[in-house]
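# An overview of the molecular structure
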Amino acid sequence: MTEQEQTWLEVDRYLDGVIVRPADVFEAITARCDEAGLPAIAVSPSQGKLLHVLARMVQARNILEIGTLGGYSTVWLATAMESDGRLITLEYDERHADVARRNIAMAGLADRVEIRVGAALDTLPDVAGRGPFDMVFIDADKPNNKAYIEWALKLSRPGGVIVLDNVIRDGEVIEPTSDDPRVISTRAALELFGNDPRLVSTAVQTVGAKGWDGFAIAWVGPAQSA
Ligand code: SAH
Ligand code: DHB
Ligand code: MG
């Protein structure tokens, strides 16, 4: 880790203590993910809290997440809903889903959160009937980002919010001739965000415990009349 990255990490720790103030369950979830050998690629505490704040702002009662891992971001999102809220999260890897299921139960959210195991592009047609969603958080396999944004547009209610993780990846995103399918698809997803007349969109770069990365965030406006 460079000195710069070390400082980002220390600033995140300061913010976690003074303003993010995660409930104890988040540390327990991270510990269980580590024990289970899951990759350390969950959102950071301050990023998880950002998702939570956005979910509260739209008074989310129906949330879709694509990419569960161990359920860390899932719990940040689900705890932003009233007790009648529902969250569906899509995960390809049965082993990740098992860890997430236990973490979600530990957080007392088993009755509000449903994990669908399988490739998201296979489970999304089925999940569509559970929409429209107040919030869609996309954080799965990056080569499908464009397809996931297309689904999110279809399944979001007016007034909802769409968030896409990992849009900067150490600046890789500005490489127009990249042959990396993750970069190509993320650039296409950002163009969709920028061009869709229904969306009010931005993207912000982030530094911190997760290095240099960023989110694209869109507010979904009223449906376009034909
Ligand atoms: N949102 C999580 C991190 C997700 S990591 C958090 O912040 O806590 C990305 C996850 O997407 C991994 O668990 C990976 O198994 C899953 N994934 C990869 N390809 C997928 C696919 N095609 N459909 C659904 N999930 C997929
Ligand atoms: C990776 C995936 C993520 O969702 C993330 O936030 C960081 C890294 C990855 O696949 O490397
Ligand atoms: Mg991510």
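Residues numbered from 1 in each chain as written. Chains lettered and ligands numbered in written order. Predicted model: local features only at pLDDT ≥ 70, side-chain atom pairs only at ≥ 80, totals over all residues. Heavy atoms only, no water.

### Brief notes about the overall build of the chain
When helices and strands are tallied, the chain shows eight helices and seven strands. Summarising its shape, the C-alpha atoms of the chain cover approximately 50 × 45 × 30 Å along the three principal directions. Buried residues in the chain amount to 48% of all 226 residues. Within the chain, contacts between residues separated by at least 24 positions form 71% of all contacts whose residues are at least 6 apart in sequence. Accessible area of the chain: about 11100 Å², with a carbon and sulfur share of 53%. Placing the 22 positive and 33 negative side-chain charges of the chain at their respective mean positions leaves the two points 6 Å apart. (Helix = DSSP H or I, 4+ residues; strand = E, 2+ residues; numbered from the N terminus. Buried < 20%, exposed > 50% of the residue type's maximum accessible area, 1.4 Å probe, protein only. Contact = heavy atoms within 4.5 Å. Areas by Shrake-Rupley, 256 points an atom, 1.4 Å probe, with all protein chains shown as cover. Lys, Arg positive; Asp, Glu negative; His and termini not counted. Charge placed at Lys NZ, Arg CZ, Asp CG, Glu CD.)

### A few points about the site of ligand 1
Taken together, 22 residues are adjacent to ligand 1, and G67, S73, E91, H96 and A120 come closest. Residue V43 places a main-chain N or O atom 2.9 Å away from an oxygen atom belonging to ligand 1. In the complex, the protein chains occlude 89% of the 580 Å² of accessible area that ligand 1 would expose alone. Looking at the shell around ligand 1, the elements with two or more residues in it are α4 (72-78) and β2 (86-91). Residues belonging to the shell around ligand 1 are distributed by class as follows: 12 nonpolar, five polar and five charged. (Near = heavy atom within 4 Å. Polar contact = N/O pair within 3.5 Å; in protein donor to acceptor, adjacent residues only side chain to side chain. Nonpolar A, V, L, I, M, F, W, Y, C, P; charged D, E, K, R; others polar.)

### Describing the site of ligand 2
Looking at ligand 2, the residues that line it are I41, D139, K142, D165, N166 and R169. Within the contact set of ligand 2, an oxygen atom lies 3.0 Å away from a side-chain nitrogen or oxygen of K142. For ligand 2, an oxygen atom lies 2.7 Å from a polar atom in the side chain of N166. Contact with the protein chains hides 66% of the accessible area of ligand 2, taken as 290 Å² for the molecule alone. The residue makeup of the shell around ligand 2, split by class, is one nonpolar, one polar and four charged.

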